[in-house]
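Structural description and commentary
One letter stands for each residue in the lines below.
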Amino acid sequence: MNDLAAAPIANSTTGLDPALNPDIANPILEVHGLGVHYGSKQALNAISMKIPKNEITAFIGPSGCGKSTLLRCLNRLNDLVPIARVTGDVTLDGESIYNEDTDVNLLRKRVGMVFQKSNPFPKSIYENVAYGCRIQGIRNQQELDGIVERSLRGAALWDEVKDRLEDTATGLSGGQQQRLCIARTIATQPEIILFDEPCSALDPIATAKIEELMQSLKTEYTQIIVTHNMQQAARISDYTAFLYLGDLIEYGITDELFVKPQKQETEDYITGRFG
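This section reports on the structure supplied with the text.

As for the overall build of the protein
Each helix and strand in the protein was counted, giving ten helices and ten strands. Over its C-alpha trace the protein gives a radius of gyration of 19 Å, about what one expects of a compact globule, namely 19 Å for 275 residues. Considering only C-alpha atoms, the protein reaches an extent of 60 × 45 × 35 Å along its principal axes. When the 275 residues of the protein are sorted by exposure, 50% land in the buried category. Residue pairs in contact within the protein that sit at least 24 positions apart in sequence constitute 67% of those at least 6 positions apart. Between the averaged position of the 26 positive side-chain charges in the protein and that of its 36 negative side-chain charges there is a distance of 5 Å.

Some thoughts on the packing of aromatic side chains
Applying the stated criterion across every chain, the model contains three aromatic pairs. Residues Y239 and Y251 carry aromatic rings whose centres are separated by 6.3 Å and whose planes lie at 50° to one another, so their mutual orientation is tilted. Taken together, the positions of Y239 in strand β9 (residues 239-244) and Y251 in strand β10 (residues 247-253) put the pair twelve residues apart, joining distant regions of the chain. Each member of the pair, Y239 as well as Y251, carries the same accessibility label: buried.

What to know about the side chain of T69
Position of T69 among the secondary structure elements: in helix α1 (residues 67-73). Apart from the residues within four sequence positions on either side, T69 is in contact with V36, Y38, A43, L44 and N78.

Re the pattern of salt bridges
Here the structure, examined in full by the defined rule, presents twelve salt bridges. For the salt bridge of D17 with K263, the shortest nitrogen-to-oxygen distance reads 3.0 Å. Here the residue D17 occupies a position in the segment before β1 (27-38), and K263 occupies one in the loop between α9 (254-259) and α10 (264-270), the gap between them amounting to 246 residues. Just as D17 is buried, K263 falls in that class too. If you follow the salt bridges from partner to partner, you end up with E55, K218 and D238 in one network.

What about the sheet that holds strand β6 (residues 111-114)?
Read across the sheet, six strands follow the order β6-β7-β8-β3-β9-β10 without closing on themselves; strand pairing throughout is mixed. Whereas interior strands pair on both sides, the edge strands pair on one side only; in this sheet they are β6 and β10. Taken pair by pair, the neighbouring strands of this sheet meet at an average axis angle of 15°, ignoring direction. Of the pairings in the sheet, the one linking strand β7 (residues 192-196) to strand β8 (residues 222-226) comprises five bridges and is parallel in character. In the strand pairing of β8, L194 is matched with I224. The strands touched by helix α6 (residues 174-186) are β6 and β7; relative to β6, the strand with the most contacts, the crossing angle is about 170°.

The rules behind these values
Residues numbered from 1 in each chain as written. Predicted model: local features only at pLDDT ≥ 70, side-chain atom pairs only at ≥ 80, totals over all residues. Heavy atoms only, no water. Helix = DSSP H or I, 4+ residues; strand = E, 2+ residues; numbered from the N terminus. Rg over C-alpha atoms; globule rule 2.2 N^0.38 Å. Buried < 20%, exposed > 50% of the residue type's maximum accessible area, 1.4 Å probe, protein only. Contact = heavy atoms within 4.5 Å. Lys, Arg positive; Asp, Glu negative; His and termini not counted. Charge placed at Lys NZ, Arg CZ, Asp CG, Glu CD. Phe/Tyr/Trp six-rings, centres within 6.5 Å; stacked < 30°, edge-to-face > 60°. Salt bridge = Lys/Arg side-chain N within 4 Å of Asp/Glu carboxyl O. Pairing = 2+ DSSP bridges. Axes fitted to C-alpha atoms, helices over the stretch in contact; angles between N-to-C directions.

See the structure below:
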């Protein structure tokens, strides 16, 4: 196995490692020297990267490498962990999300989250989708009806559930529940959707439907997915970031990273030599 702490090869013009700096002209998110500690344990080491708008970016790497920690920094979910300490910054459309004046509830509306395990509320299918809109003060029934239908159509679920919207959401299959959670997320019209291992508990057919759905959502949403499945990252993402032991090892266009990685460490991981 190669030394994963090997020094990067700097770009002679910018001083930056070219393996970490794909040419992203229109980033919606920028991560600046982001570090995370859980108590005395350092989980992320000064990560810097740009996330492109209306593309799918995948975070890959072995368990414990910092993928989910990085993802949860993008909508400040790590704020909910008492022992977490974050250094550095993340900007959304050029504005710091860690500014003391940031409205975290508004941030999480703009940056939605779909979790590893589908988590429908113990309510009807309709109320699951309408819930976030009701919280935001939308009360008009006709408006809610339109949002629910639009969101379920956007999540490729409408045709399967349109005749049983009042049924409990927990009666849906696992794949349907995960698409319902995506519908619930897009109902509040976020700019970015974060996916934390959204297919890990699903069978191949349900996984394929989620992947097709993510591709169809690209025109409207920026998407970031944490996945242990390298084949999934290769299939659906436009950009891929490989993390290991809290470091960003390589980040670039997915096709290039998987076919001709710039770092030996990346090649070792994607060819199965470790991980």
